[in-house]
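Structure assessment
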Amino acid sequence: MSTNRRQFLSGAVGGIVTAGPTAGTRRAWAQGASPKIQPGKVKPGGRDVLLVVDVQNDFIPGGALPVKEGNLVVPLVNQIAAGFEHVIMTQDWHTPGHISFASAHPGKKPFETTKLAYGTQVLWPDHCVQGTAGADFHKDLKIPHAELVIRKGYRKQMDSYSAFFEADGKSTTGLSGYVRDRGFRRVFLVGLATDFCVCWSALDARKVGLGALVVEDPCRGIDADGSLAKAWDQMTKAGVKRIRSADLPV
Ligand code: VGL
Ligand code: ZN
């Protein structure tokens, strides 16, 4: 992709606030308040796509790698998805004995880390094993018009938090090509977990020149060792917008 197209695309996010700030709002910003997007002012259109990240049984309380309150995102995700013409869902999809599992590393426990060829890997409980009930989408997730389900983390020797690139930052899932071919310009992200798969996907969306907006309330984080605050920091620095469902016309 050319630099010009990248610049154009990254500028696209700037167009979401339709009303200009009032003098009072500008004063508040000058005093350090972050610019708030007006309720209902972000209007998804034909060049926007909603990425529903890993709303799978293993990430729900009771699952193998439960995300606190993960179940609470489901009704909101359904509601938001209904307002999008285009939806892509992701599914964490590991081989048995996957390299990201603590059980594959003798002496290691879940949430410890290890060094692998592609960098530091957090080690997880066995989760989202291909074809198991834990890898299924939550039974109440209802997005019949989703156009693509992208599976990731299926290479035994490499993890993939991001829906775009695997943990080496180079191996592609094919999603950036799909998004380009479909002409999408902005990706809205919801799902689990904020600080891992949502964050890494949002950062990679920016890397391939897309606008990226994380809708905060239909997300929940794992927050292992400060990972949630770090994730928001990284996302903000990369130009990922943080919005709430109330900013959408749903
Ligand atoms: C995820 C840890 C391991 C996620 C997936 O969906 O955020 N986190 N695998
Ligand atoms: Zn995983």
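Our subject is the structure listed above.
In this convention, every chain numbers its residues from 1, walking through the sequence in written order. Written order decides the labels, with chains lettered from A and ligands numbered from 1. Under the rules for a predicted model, residues below a pLDDT of 70 receive no local features and side-chain atom pairs below 80 are neither given nor counted, while totals for whole chains, interfaces and linings still include all residues.

Close to ligand 1 lie Asp54, Phe59, Asp92, Trp124, Tyr161, Leu192, Ala193, Phe196 and Cys197. Amino acid classes used here: Ala, Val, Leu, Ile, Met, Phe, Trp, Tyr, Cys and Pro are nonpolar; Asp, Glu, Lys and Arg are charged; the rest, including Gly, are polar. Of the residues assigned to the shell around ligand 1, the class counts are seven nonpolar, no polar and two charged. Defining nearness, a residue is near a molecule or strand when the C-beta atom obtained from its backbone falls within 6 Å of it.

As a further point, take the sheet that holds strand β1 (residues 48-53). By this definition, two strands are paired if DSSP reports at least two bridges between them. Numbered from the N terminus, helices here are DSSP runs of H or I no shorter than four residues, and strands are runs of E no shorter than two. Taken in spatial order, the six strands of this open sheet run β5-β2-β1-β6-β7-β8, and their pairing is parallel. Both edges of this open sheet fall to β5 (148-152) and β8 (241-243), since each of them pairs with a single strand only. Adjacent strand axes in the sheet meet at a mean angle of 25° when their direction is disregarded. As paired elements, β1 and strand β6 (residues 186-192) share six bridges and run parallel to each other. Residue pairing in the sheet places Asp48 in a bridge with Arg186 of β6. Against the sheet, helix α5 (residues 194-207) makes contact with β1, β2 (87-92), β6 and β7 (211-220), and its axis sits at roughly 170° relative to β7, the strand it touches most. For helices, the fitted axis covers only the stretch in contact; all axes are lines through C-alpha atoms, and the angles between them, taken along N-to-C directions, range from 0 to 180 degrees. For the purpose of contact definition, each residue receives a C-beta atom placed from its backbone, and two residues are in contact when these atoms lie within 7 Å.

A word on the nonpolar core. Buried Ala, Val, Leu, Ile, Met, Phe, Trp, Tyr and Cys residues form a nonpolar core when they are connected through C-beta atoms within 7 Å. The exposure label follows from counting other C-beta atoms within 10 Å of a residue's C-beta, where the C-beta atoms are placed from the backbone and the thresholds are 20 or more for buried and 12 or fewer for exposed, leaving partly exposed in between. Of all hydrophobic cores here, the largest spans 56 residues; its most connected members are Leu50, Leu51, Val52, Leu189, Val190 and Ala202. Going through the elements one at a time, β1, α3 (73-82), β2, α4 (175-182), β6, α5, β7 and α6 (227-237) are the ones with two or more residues in this core. If we ignore the near neighbours within four places in the chain, the residues touching Leu50 are Ile80, Ala81, Phe84, His86, Val87, Phe188 and Val190.

This brings us to the pairing of β6. Among the seven residues that make up β6, seven are buried, leaving the element largely enclosed by the rest of the structure. The pairing of β6 with β7 spans six bridges and is classified as parallel. Within β7, the position partnered with Arg186 by the bridge is Gly211. Seen with its strands pointing away from the viewer, a crossover is right-handed when the path leading from the first strand over the helix to the second is clockwise. Crossover connection from β6 via α5 to parallel β7: handedness right-handed.

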